[in-house]
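# Chains, contacts and geometry: an overview
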Amino acid sequence: MPPSLTQRLPLSRYRIDRDHAARDRPQLFDELAVDPEARIVALWRGEVLLAAARDAAAAPALALLPWSSAPVEALRIYLGRTLEAEGGVAAGAAITAIVLDDESGPALEPDVTRWASPRTLGHRLGDRDAGLAIEALGLANWHATHRFSPRTGNPTVAAKAGWVRVDVETGAELFPRTDAAIIVGITDADDRIVLGSNALWESNRFSLLAGFVEPGESLEAAVVREVFEESGLRVVDPEYVGSQPWPFPASLMLGFRARLDPAHANDLRPDGTEILDLRWFSRDELAASLGEILLPGRTSIARAIIEDWFGAPLDAP
């Protein structure tokens, strides 16, 4: 039986116990510093450090370093414990992310080819490493944007193993946040799919329509509203198909399918601000257009939804 759409979402894979209870131990990082099995995941400028490749054709893997590799001043975030032995790391090993600055990143590893973004290679990482990279990056991005309290403007400091920031004057705790965004594969009566080109992309890159969920709005209502705002299309029967974290910088992508509402004229009308071009594609038309247009990358949920509609992996980067 072929894998379901949910099983094919690259950044939804996870093989670690987040071990949330350990975050409350004040001496956790002191304990891990002397634990010979504990390992470090290094982040620098939104990229993760990869293990040195033994074979150019081999799949990439995270460099899971001993604690002695970590700079003393780096921000630390406890990620959890491994569920099984893999790649020389024992089952139950504690994994901590360290967030490096512009000085300590190159000092740890000056070879820039070993630093890479999960946005482009997440689909090539194994289940454990994909989950670790996305968890680490999402939390690192949150820390970077919450150095001051949004309520008081006071500086904040990391606490509870990197899962909380505390206002230094009031003691108020801030917790990580994720922005909900819907993304939808829209089909018409002929089972064609509509793809749009965003103003921020190359003119020949096409993907699904997507947008953030507004306050006081259900996911299904967000699908209907966002599609109409960006394309002028009216859709019905939004059907949830799966979700995937997208910490670039802080989103959770909630995937849907929806059908064109036959009760409306539904002329394509790009909004001209976010979406500059819209096109309907049959499966044959999409296959014939792959040399002309670019599709979303293999790490994205958009690519998974498109290929699920197409019925097979598409021969495109």
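Here the structure is shown first, and the text comes after it.
A brief look at the structure comes next. For every chain, the first residue of the written sequence is number 1, and numbering continues from 1 along that sequence. The model is predicted, so local features are restricted to residues of pLDDT at least 70 and side-chain atom pairs to those at 80 or more, both for listing and for counting; the totals for chains, interfaces and linings are taken over all residues. By convention in this description, side-chain values take in all heavy atoms of the structure and omit both hydrogens and water.

## What about the pairing of strand E11 (residues 179-187)?
One face of the sheet, then the other: side chains in a regular strand alternate in exactly this way. Most of E11 is tucked away, with seven of its nine residues classed as buried. By the convention used here, strands pair only if DSSP detects at least 2 bridges between them. Secondary structure is summarised from DSSP: a helix means a run of H or I of at least four residues, a strand means a run of E of at least two, and numbering begins at the N terminus for each. Of the strand pairs in this sheet, E11 and strand E15 (residues 251-260) are connected by nine bridges, and their pairing is parallel. Bridging from a neighbouring strand, Val-184 pairs with Phe-256 of E15. Where E11 and strand E13 (residues 209-212) come together, four bridges link them in antiparallel fashion. If you follow Val-184 over to E13, its bridge partner there is Leu-209. We call a residue buried when its accessible area falls under 20% of the maximum for its residue type, exposed when it is over 50%, and partly exposed in between, using a 1.4 Å probe and counting protein chains only.

## Digging into the packing of aromatic side chains
Stacked, tilted and edge-to-face are the three classes assigned to paired rings of Phe, Tyr and Trp, where Trp is represented by its six-membered ring and a pair needs centres within 6.5 Å; plane angles under 30 degrees give stacked, over 60 edge-to-face, the rest tilted. Per the counting criterion, the structure on display carries six aromatic pairs. Summarising the aromatic geometry, the rings of Phe-206 and Phe-281 are spaced 6.3 Å apart at their centres and angled 75 degrees between planes, so their arrangement reads as edge-to-face. Of this pair, Phe-206 sits in the loop between strand E12 (193-198) and E13 while Phe-281 is found in strand E16 (residues 275-281), placing the two residues 75 residues apart along the sequence. We classify Phe-206 as buried; its relative accessible area is 0%. On the basis of relative accessibility, which here comes to 3%, the residue Phe-281 falls in the buried class. When the ring of Trp-309 is compared with that of Phe-310, the centres are 6.2 Å apart and the planes differ by 55 degrees; the resulting orientation is tilted. Exposure remark for Trp-309: the relative accessible area of 10% places this residue in the buried category. Whether a charge lies above a ring is judged from NZ of Lys or CZ of Arg, which has to be within 6 Å of the ring centre and within 35 degrees of the ring normal. We note Arg-23 situated over the ring of Trp-163; from NZ or CZ to the ring centre the distance is 3.6 Å. Positioned over the ring face of Phe-228 is Arg-234, at 3.6 Å from the centre of the ring.

Remember, this is a structural readout, not a statement about activity or role.
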